[in-house]
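So you can see what is in the structure, the chains are spelled out below.
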Amino acid sequence: MSNGRVFSGVQPTGNLHLGNYLGAIKSWVGLQQVHETIYCIVDLHAITVPQDPTALKTATHEVAACLIASGIDAHSSILFNQSQVPQHAELAWLFNCVARLGWLNRMTQFKEKAGKNRENATVGLYAYPTLMAADILAYKATHVPVGDDQKQHLELTRDIATAFNSMFGEDFFPLPEPIIQRTAARIMSLRDGGSKMSKSDLSDFTRINLNDEDDLISLKIKKAKTDPEPLPDTLDALEHRPEARNLVGIYAALTDQSEAEVLLEFSGEGFGKFKPLLADCLINTISPIRDEMNKLLADPLELDRILNEGSIKAEAISEPIVSACKGMIGFVHSGK
Ligand code: TRP
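All values derive from a computational prediction rather than experimental measurement.

This part covers the side chain of Asn81. By secondary structure assignment, the location of Asn81 is in strand β3 (residues 77-81). A polar contact is formed between the side chain of Asn81 and the side chain of Gln84, at a distance of 2.8 Å. Those residues in contact with Asn81 that sit more than four places away from it in its chain are Ile41, Asp43, Thr60 and Leu307.

As structure tokens, this is what we get:
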């Protein structure tokens, strides 16, 4: 396809919530119409921190089910889990021998994730970004939808591609571009407009999970923190009302409007009117995803089959690219 090739990855984590859906998954679905799309459940990245084997399997199935239920079509996209395609780990090693310690030392996510006890972090956590570069470049992907927290890793991917090209072959790898989310608003906690909606928040009432029942969604929105003021007619007026702004942002993202358009419709109205409409929108979006997800999760063998089929297609693209890299580096090979 002339519009370039999109690659993105998602960690296998359980408890997917509205923030995951509006922040990433929804835009992945839309990109299928315009680009060749490759979506990967990054289980090799997951084990950079300790994982319980059974929970990892379940989480991989949950993410796969959620993506398919949300509209990722295993025929128009390639959907698979990373560990099934050996080229990811193989190219990551080659990149470990291209990337410099100095480049990785600047990665802010490693510093955050390793915390104070750096000596105890795995080597894998440190090398996480070279594996991410391998994910993208094993397919010569041109576009990568990423959140803010991953932009630095994408920059590093471009640096690795540039270095590899200048060492072994001009223009072998394209320099992948980020695709910035159309939903500008980050989805925040329903109880604290200053912190991100998160699966690890102790209170379940801070988030809408993608498997919440309709009644629970309504109740969570009813109990969401707001203020007594009516909705204003400009976005600026929401600047110091983070909880109100978050609900407006969620409504806008669900209905594919800008926040300004939502305010145009609701200015002067109180939350007594706005919240039930928001809850209806949420239920309209989430209930079909939840029901389809539950159906898919009841048949894990079918999910395995879909992921396996995806991995075969993925390997058909990445194998010749990684083989070519090995040849350029000077490895002797049998030609098989
Ligand atoms: N690091 C990404 C995250 O945590 C996931 C990821 C892995 C990824 N490989 C990728 C995203 C390649 C985009 C492209 O969100």
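There is more to say after this.
Our next topic: the pairing of strand β1 (residues 5-10). Working note: regular strand, side chains alternate between the two faces of the sheet. By the bridge criterion, 6 bridges tie β1 to strand β2 (residues 36-41) in an arrangement that is parallel. From the neighbouring strand, Val6 faces β2, where its bridge partner is Thr37. Following the chain from β1 across helix α1 (residues 18-31) to the adjacent parallel β2, one finds a crossover that is right-handed.

With that out of the way, let us pick up unusual backbone geometry. If a residue is not glycine, its phi is most likely negative; likewise, a peptide bond is most likely trans. Although it is not a glycine, Asn15 sits at a positive phi angle of roughly 55 degrees. As for its position among the elements, Asn15 is in the loop between β1 and α1. Of note, the phi angle at Asp171 is positive, near 65 degrees, even though the residue is not glycine. With respect to the helices, strands and loops of the structure, Asp171 is situated in the loop between α8 (151-168) and β5 (177-179).

Moving on, we come to the site of the ligand. Around the ligand, 13 residues are found, and the nearest of them are Gly9, Tyr128, Met132, Asp135 and Gln150. With respect to the ligand, the side chain of Asp135 contributes an N or O atom lying 2.7 Å from a nitrogen atom. One nitrogen or oxygen atom from the side chain of Gln150 is found 2.9 Å from a nitrogen atom belonging to the ligand. Isolated, the ligand exposes 370 Å² of accessible area, and the fraction of that covered by the protein chains is 89%. Those elements giving two or more residues to the shell around the ligand turn out to be β1 and α7 (123-137). With 4 residues, the top contributor of residues to the shell around the ligand is α7. For the shell around the ligand, the residue count by class is 7 nonpolar, 5 polar and 1 charged.

This part takes up the packing of aromatic side chains. Counting across every chain of the model gives 14 aromatic pairs. An angle of 55 degrees between the planes, with centres 6.3 Å apart, marks the rings of Phe80 and Tyr139 as tilted. Here Phe80 is found in strand β3, whereas its partner Tyr139 is found in the loop between α7 and β4 (143-145), with 59 residues between them in sequence. Tyr139 matches Phe80 in its accessibility class, with the two residues each being buried. Arranged with centres 4.9 Å apart and planes meeting at 50 degrees, the rings of Phe164 and Phe168 form a pair that is tilted. In this pair, Phe164 and Phe168 are both assigned in helix α8, 4 residues apart and thus about one turn of the helix distant.

In this section: the nonpolar core. In terms of nonpolar packing, the biggest core is built from 56 residues, with Leu18, Ile250, Phe274, Leu278 and Leu282 touching the most fellow members. Ranked by residues supplied to this core, first place goes to helix α12 (residues 271-297) with 11 residues. Counting contributing residues per domain, this core is built from domain 1 (5-185 + 299-329) and domain 2 (204-295), each supplying no fewer than three. The contacts of Leu282, once residues within four sequence positions are left out, are Leu18, Ile208, Ile217, Ile221, Ile250, Leu254 and Ser287.

Below, the discussion takes up the environment of Leu67. By secondary structure assignment, the location of Leu67 is in helix α3 (residues 53-70). Accessibility expressed as a relative area gives 2% for Leu67, which makes it buried. It is 16 Å that separates the C-alpha atoms of Leu67 and Asp212, two residues lying 145 residues apart in sequence. Beyond its immediate sequence surroundings of up to four residues, Leu67 is in contact with Val10, Ile25, Trp28, Ile41, Ile72 and Leu79.

Further remarks concern the packing of α3 against helix α13 (residues 300-329). Following both chains from N to C, one finds α3 and α13 inclined at 75 degrees, their axes separated by 10 Å at the closest point. One finds that α3 runs roughly perpendicular with respect to α13. Packed against α3, whose contacting residues are Thr60, His61, Ala64, Ala65 and Ile68, the element α13 presents Pro300, Leu303, Asp304, Ile306 and Leu307 at the interface. When grouped by side-chain class, the residues that make up the contact of α3 with α13 number 7 nonpolar, 2 polar and 1 charged.

This part is about the domain arrangement of the protein chain. Examined at the domain level, the protein chain breaks down into domain 1 (5-185 + 299-329) and domain 2 (204-295). When each unit is reduced to the centre of its C-alpha atoms, the spacing between domain 1 and domain 2 is 31 Å. Listed per partner, the contact involves 15 residues of domain 1 and 17 residues of domain 2. Roughly 1,300 Å² is buried in total at the junction of domain 1 and domain 2, and carbon and sulfur atoms are behind 71% of that figure. Summed over the shared surface of domain 1 and domain 2, the number is 1 salt bridge. Put simply, Lys26 and Asp256 hold a salt bridge, and the shortest N to O gap is 2.7 Å. Our count for the contact surface shared by domain 1 and domain 2 stands at 4 residue pairs in polar contact (both at pLDDT 80 or more). When residues of the side of domain 1 that touches domain 2 are traced back to their parent elements, those giving at least two are α1 and α3. With 5 residues, the single largest contributor to the side of domain 1 that touches domain 2 is α3. A class-by-class count of the residues in the side of domain 1 that touches domain 2 yields 8 nonpolar, 3 polar and 4 charged.

What counts and what doesn't
- Residues numbered from 1 in each chain as written.
- Predicted model: local features only at pLDDT ≥ 70, side-chain atom pairs only at ≥ 80, totals over all residues.
- Heavy atoms only, no water.
- Helix = DSSP H or I, 4+ residues; strand = E, 2+ residues; numbered from the N terminus.
- Polar contact = N/O pair within 3.5 Å; in protein donor to acceptor, adjacent residues only side chain to side chain.
- Contact = heavy atoms within 4.5 Å.
- Pairing = 2+ DSSP bridges.
- Right-handed = clockwise from strand over helix to strand, strands pointing away.
- Near = heavy atom within 4 Å.
- Areas by Shrake-Rupley, 256 points an atom, 1.4 Å probe, with all protein chains shown as cover.
- Nonpolar A, V, L, I, M, F, W, Y, C, P; charged D, E, K, R; others polar.
- Phe/Tyr/Trp six-rings, centres within 6.5 Å; stacked < 30°, edge-to-face > 60°.
- Buried < 20%, exposed > 50% of the residue type's maximum accessible area, 1.4 Å probe, protein only.
- Core = buried A, V, L, I, M, F, W, Y, C linked by side-chain atoms within 4.5 Å.
- Domains from an automatic or database assignment.
- Axes fitted to C-alpha atoms, helices over the stretch in contact; angles between N-to-C directions.
- Parallel < 35°, antiparallel > 145°, perpendicular 65-115°, else oblique.
- Buried area = accessible area lost by both parts, 1.4 Å probe.
- Salt bridge = Lys/Arg side-chain N within 4 Å of Asp/Glu carboxyl O.

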